[in-house]
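Here are the chains, one letter per residue:
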Protein chains: 2
Amino acid sequence: MSLSTQPYKGARDFYPEDKRIQKYMFSKLRQVVESFGYQEYDAPIIEPTDLYLSKSSDEIVSEQTYSFTDRGGRNVTLRPEMTPTVSRMVAGKRQELAYPLRWYSIPDLWRYERPQAGRLRQHYQLNVDLFGIAGIEADHEIIAIADAILKNFGAQEQDYQIRLNSRLHLEGVFDELDLSVDQRKTLLTLIDKRAKIDAGAFEKLFYEKLEEQKAKKLLGYLNDVHQLPPKIAELIDLLSASGIKNAIFDPSLARGFDYYTDIVFEVFDTHPENNRSMFGGGRYDGLVGLFGVDTVPTVGFGMGDVTLQRFLELHNLLPELAPETDAVVIIIGDQYTAAQKILNELRAEGARLAVDSSGRKIDAQIRSAVKSGVPFVLFIGEEEIKNATFKLRNLKRGEELHLPAKQVAETLTARR
Amino acid sequence: MSLSTQPYKGARDFYPEDKRIQKYMFSKLRQVVESFGYQEYDAPIIEPTDLYLSKSSDEIVSEQTYSFTDRGGRNVTLRPEMTPTVSRMVAGKRQELAYPLRWYSIPDLWRYERPQAGRLRQHYQLNVDLFGIAGIEADHEIIAIADAILKNFGAQEQDYQIRLNSRLHLEGVFDELDLSVDQRKTLLTLIDKRAKIDAGAFEKLFYEKLEEQKAKKLLGYLNDVHQLPPKIAELIDLLSASGIKNAIFDPSLARGFDYYTDIVFEVFDTHPENNRSMFGGGRYDGLVGLFGVDTVPTVGFGMGDVTLQRFLELHNLLPELAPETDAVVIIIGDQYTAAQKILNELRAEGARLAVDSSGRKIDAQIRSAVKSGVPFVLFIGEEEIKNATFKLRNLKRGEELHLPAKQVAETLTARR
């Protein structure tokens, strides 16, 4: 029996045409976050399972991790999120690092979920975190970066909406209603699912979990989008000063993770076919402290590649991407050895050249070049080498140029 | 008890200063392989364990893989090498792909080994593969790429040596001696370890495994570096035409993997402190065929990041790398909101700016900027905004310039 050619279920192979899209997206992400002074870090995909026990949501650790025991008896997990890892790394050099600390990474994350549209078992996620700023400037900056990323891809203000809430403020409402820790947890999970269930069903569940009086009061709060907590109002003003006008208060925004301590936000796609939360983040001031060092105020967000790509496709924001290779080189006659010198020269000038050394007929070589999507064919034969002038065919326009080496390289690199 | 801040044993955290080195190395790798017309692909780190059972060496699969059963009962493995994966992907689109096919990737690979200098449990490995060329041009190109990479980092010819052998030729010698399949396997493993053991001990082992007559003959062959197999001689000439003069025939080069079918090569560091094989590759024409499709002639190599970095460090080829961030922005007075417009403008011009929004005294902010290694500090206050002229301090030279926005951006981006 022969082996399967399929990738592991719920994960993706990236053939060059797929990888090209990913590289385009990641390069934009890096460009924007670096323009805000962020520096890239990375860490092993394997972490001790302990790292997730106290911080991630229970559902993820007990049902959705890729956990196993290594050959040395250690319990390990493929990271389902990056936040515990980055907190570990900051804690590890708590005293040596210069604050404010701006870090980003684009790790691949693994969760054992039922694969479905837009939710795979493996995805890449941009993680952006600002450490060391307790003030609202940090919340503002993190949200401004999320916004700048979408705009840098060409998105318009009306293509998405930024929704804001404060977990601290929500806890204050819970305090007023004198709710227990268990009740808070249940309600946060329920509130978090509000957008996904029917309004009537949502209210019904609410009245099941709480006394009538309290349920009514809390639902009233969740439905009142006009009475902004002062910090949210300030944040909206600050975002507006940065040219961001599509941020609103959403009192029923909760976010799934337990570790958020104040401002949380999510970015929603406004496209009618994809009207849902794309990504989000918030403030989590306590995590670094779990490693036995002083806490560090922290704000961050995560943005997944699958969701981002879906957004870009729906809004027609993904450009046509040509292959990285500039030209297929067709060697005429027995000149492979003689051609090496000029190939070295052209590559030193920056040209990206794929030599067709198949020995097939020239017609077959040209057909193969066309099939590969590479824009040019360069012919090198005895005459060309002698005269130091080469025939360059533009496969799209069909035109042919006879050029000296330097101009060949210039023509090829100019197209990028 | 607080959580550990250490990464998983045998794997590395990449703090920004480490990641910067990796980014420098990977960007050079990409630049060179793309100049030869290679396109990047990628695949999930998890593969079905079956993928490795028939192709990798027994030692790796049974003792050194990270294998486990997923929540759906599938036996899976974190890839210990990329070759089975790339063969799977080519087989999956065998008919649709345009040949010659040039692919590369820089995956992270996992092996459960005892961590030691230069051998970690996790490393990144450039994988470069050329599919569809049965002729020696493919072997030549793959070795020329390996060479171009080292030269592109600034290495000189005398810093390394390229050693060549032919597994096909070695099998021919085995045929002459009428060796059994088991004997061949044992001997290949032994030959592969030659460089690591004492010459006397090596010969003794040889005489233990083989009849005296055969052992003598084989040792004679292994020691005769002057009688080049014709294909090796041709390859050395071709490499020489590409300007590569440091390739030699090494009859006792075997390579650990079972799947090689003809030419194999390894690149050795000539540095006295690190005189050992750094990386290598060869021809493996049979792998794609294991997936139930027609075979594809293939040549490839893998180059690990740990070994490469050690080579660059030993030969003083790693430059000083400055942080990605151009300037720390210090806001004078209560101007955070007012500064947003100019910050947007400067970032749009390409400047990478980290705003110190800590609210500390200006002296403390400057000290923190110096500590972070960022080369400039940009001051923005009420006066500066009113006059649209900003104070830029070069932290290395100590000099201060007063510049309009456009020139601030130009000065900052010019340093890169």
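Residues numbered from 1 in each chain as written. Chains lettered and ligands numbered in written order. Predicted model: local features only at pLDDT ≥ 70, side-chain atom pairs only at ≥ 80, totals over all residues. Heavy atoms only, no water.

> Can you break down the sheet that holds strand E14 (residues 353-356) of chain B residue by residue, with the values?
Residue and element names in this part refer to chain B. Taken in spatial order, the five strands of this open sheet run E14-E13-E15-E16-E17, and their pairing is mixed. Two strands bound the open sheet, and with one partner strand each, they are E14 and strand E17 (400-404). The average undirected angle you get between the axes of adjacent strands in this sheet is 30°. Two elements, strand E13 (residues 327-331) and strand E15 (residues 376-380), share five bridges in a ladder whose sense is parallel. Counted as the bridge partner of Val328 is Val377 from E15. Strands in contact with helix H12 (residues 336-348) are E13, E14, E15 and strand E16 (389-394); relative to E14, the strand with the most contacts, it is inclined by about 170°. (Pairing = 2+ DSSP bridges. Helix = DSSP H or I, 4+ residues; strand = E, 2+ residues; numbered from the N terminus. Axes fitted to C-alpha atoms, helices over the stretch in contact; angles between N-to-C directions. Contact = heavy atoms within 4.5 Å.)

> Give a description of the relation of the copies chain B and chain A that names residues and reports values.
Both copies of the chain are placed relative to one another by a rotation about an axis and a shift along it. Mapping chain B onto chain A calls for a rotation angle of 180° and an axial translation of 0.0 Å; the resulting RMSD is 0.0 Å. One copy is carried onto the other by what is essentially a two-fold rotation axis. Residues of chain B ranked by C-alpha distance from the rotation axis are headed by B:Phe68, positioned 3.2 Å from it. Most of the interface of chain B is mirrored in chain A, where 100% of its interface residues are also at the interface. (Least-squares fit on C-alpha atoms with pLDDT ≥ 70 in both.)

> Describe the sheet that holds strand E2 (residues 46-48) of chain B, with residues and values.
Residues and elements named next belong to chain B. An order of E2-E4-E3 is seen for the three strands of this open sheet, with the pairing classed as antiparallel. Pairing within the sheet leaves two strands with one partner each, and these edge strands are E2 and strand E3 (66-69). Taking the axes of each pair of neighbouring strands and ignoring which way they run, one obtains an average angle of 35° across the sheet. Sheet topology places E2 next to strand E4 (residues 75-78); three bridges connect them, and they run antiparallel. Within E4, the residue paired with Pro48 across the bridge is Val76.

> Could you give an account of the interface of chain B and chain A, with specific residues and numbers?
Across the boundary between the two partners, chain B contributes 99 residues, which contact 99 residues of chain A. At the boundary of chain B with chain A, total buried surface from both sides reaches about 8100 Å², with 55% on carbon and sulfur atoms. Counting every contact that joins chain B to chain A gives 12 salt bridges. With its nearest N and O atoms 3.2 Å apart, the salt bridge here joins A:Lys23 to B:Glu34. The interface formed by chain B and chain A contains 54 residue pairs in polar contact (both at pLDDT 80 or more). Per-element tally for the side of chain B that touches chain A: the top contributor is helix H1 (residues 16-35) of chain B, with eight residues. (Buried area = accessible area lost by both parts, 1.4 Å probe. Salt bridge = Lys/Arg side-chain N within 4 Å of Asp/Glu carboxyl O. Polar contact = N/O pair within 3.5 Å; in protein donor to acceptor, adjacent residues only side chain to side chain.)

> So, the environment of B:Phe14: which residues are in play, and what are the values?
Residue placement: B:Phe14 occurs in the segment before H1. For B:Phe14, a relative accessible area of 6% puts it in the buried group. Residues B:Phe14 and B:Ile380 lie 366 residues apart in sequence; the distance between their C-alpha atoms is 33 Å. Ignoring sequence-local partners within four residues, the contact set of B:Phe14 consists of A:Tyr41, A:Asp42, A:Met89, B:Lys19, B:Gln22, B:Tyr124 and B:Asp305. (Buried < 20%, exposed > 50% of the residue type's maximum accessible area, 1.4 Å probe, protein only.)

> Mind laying out helix H15 (residues 405-414) of chain B, listing which residues take part and the relevant values?
Side chains of residues three or four places apart in an α-helix project in the same direction, reflecting 3.6 residues per turn. Residue and element names in this part refer to chain B. Burial in H15 covers these residues: Ala405, Val408, Ala409 and Leu412. In a view along the axis of H15, the buried residues occupy a sector of 95°, so they form one face of it. Relative to its buried face, H15 has exposed residues pointing more than 90 degrees away, namely Lys406 and Ala414. Contacts made by the buried residues of H15 are with E13, H12, E14, E15, E16 and E17. (Arc of directions from axis to C-beta.)

> Pulling in residues and values, what's your account of the pattern of salt bridges?
All told, the structure shown has 64 salt bridges over all chains when counted by the stated rule. Salt-bridge contacts for B:Lys23 lead to A:Glu40; the nearest nitrogen and oxygen are separated by 2.6 Å. Here the residue B:Lys23 occupies a position in helix H1, and A:Glu40 occupies one in strand E1 (residues 39-40), the pair thus bridging two chains. Overall, B:Lys23 belongs to the partly exposed group, its relative accessible area being 23%. The exposure class assigned to A:Glu40 is buried, which follows from its relative accessible area of 2%. Here the salt bridges share partners, and the residues they tie into one network are A:Arg20, A:Lys23, A:Glu324, A:Arg352, B:Arg30, B:Glu34 and B:Glu40.

> Can you tell me about the environment of A:Phe26, naming the residues and giving the values?
All names here are of chain A. Tracing the chain through its elements places Phe26 in helix H1 (residues 16-35). Taking the C-alpha atoms as reference points, Phe26 and Ser368, separated by 342 residues in sequence, lie 30 Å from one another. Filtering out sequence-adjacent residues up to four positions away, Phe26 remains in contact with Ile106, Tyr124 and Asp305.

> Quick rundown of the packing of aromatic side chains? Include the residues and the values.
Enumeration over the complete set of coordinates arrives at 31 aromatic pairs over all chains. On the numbers, 6.1 Å between centres and 45° between planes, the contact of A:Tyr8 with A:Trp110 is tilted. Residue A:Tyr8 is located in the segment before H1, and its partner A:Trp110 is located in strand E6 (residues 108-110); the two are separated by 102 residues in the primary sequence. When sorted by exposure, A:Tyr8 lands in the same class as A:Trp110, which is buried. Pairing B:Phe202 with B:Phe206 gives two aromatic rings, centres 5.1 Å apart and planes at 50°, and the pair type is tilted. You can see B:Phe202 and its partner B:Phe206 sitting in helix H8 (residues 199-209), four residues apart, about one turn around the helix. Of the residues examined, B:Phe206 reaches a relative accessible area of 0% and is grouped as buried. (Phe/Tyr/Trp six-rings, centres within 6.5 Å; stacked < 30°, edge-to-face > 60°.)

> Give me the lowdown on the pairing of strand E3 (residues 66-69) of chain A, citing residues and values where you can.
The side chains of a regular strand alternate between both faces of the sheet. Residue and element names in this part refer to chain A. Residues Tyr66 and Phe68 of E3 are buried on one face, while the alternating residues Ser67 and Thr69, pointing to the opposite face, are not. Bridging between E3 and strand E4 (residues 75-78) involves four bridges; their strand directions are antiparallel. Within the sheet, the bridge partner assigned to Tyr66 lies in E4 and is Leu78. Hairpin remark: E3 followed by E4, antiparallel, with five residues in the connecting loop; positive phi at Gly73, about 85°.

> Please set out unusual backbone geometry residue by residue, giving values where relevant.
Residues and elements named next belong to chain A. At the junction of Tyr99 and Pro100, the peptide bond is cis and its omega measures out at -5° in the coordinates. Tracing the chain through its elements places Pro100 in the loop between helix H4 (83-92) and strand E5 (101-105). The backbone of Ala388 shows a phi angle near 55°, a positive value even though the residue is not glycine.

> How would you explain the side chain of A:Asp147 if you had to name every residue and give the values?
All names here are of chain A. Mapped onto the secondary structure, Asp147 falls in helix H5 (residues 136-152). Residue Asp147 is classed as buried on the basis of its relative accessible area, which comes to 5%. Sequence-distant contacts of Asp147, that is, excluding residues within four places in its chain, are made with Tyr160, Ile162, Ile244 and Asn246.

> Tell me about a positive patch on the surface, and please be specific about residues and values.
Together, A:Lys193, A:Lys196, A:Arg276 and A:Arg310 make up a positively charged patch on the protein surface. As for its placement among the helices and strands, A:Arg276 is situated in the loop between strand E10 (263-269) and strand E11 (277-283). (Patch = residues over 30% accessible without salt bridge, like charges linked within 9 Å, V, L, I, M, F, W, Y side chains within 5 Å. Areas by Shrake-Rupley, 256 points an atom, 1.4 Å probe, with all protein chains shown as cover. Lys, Arg positive; Asp, Glu negative; His and termini not counted. Charge placed at Lys NZ, Arg CZ, Asp CG, Glu CD.)

Keep in mind that these numbers describe shape and distance, not what the molecule does.
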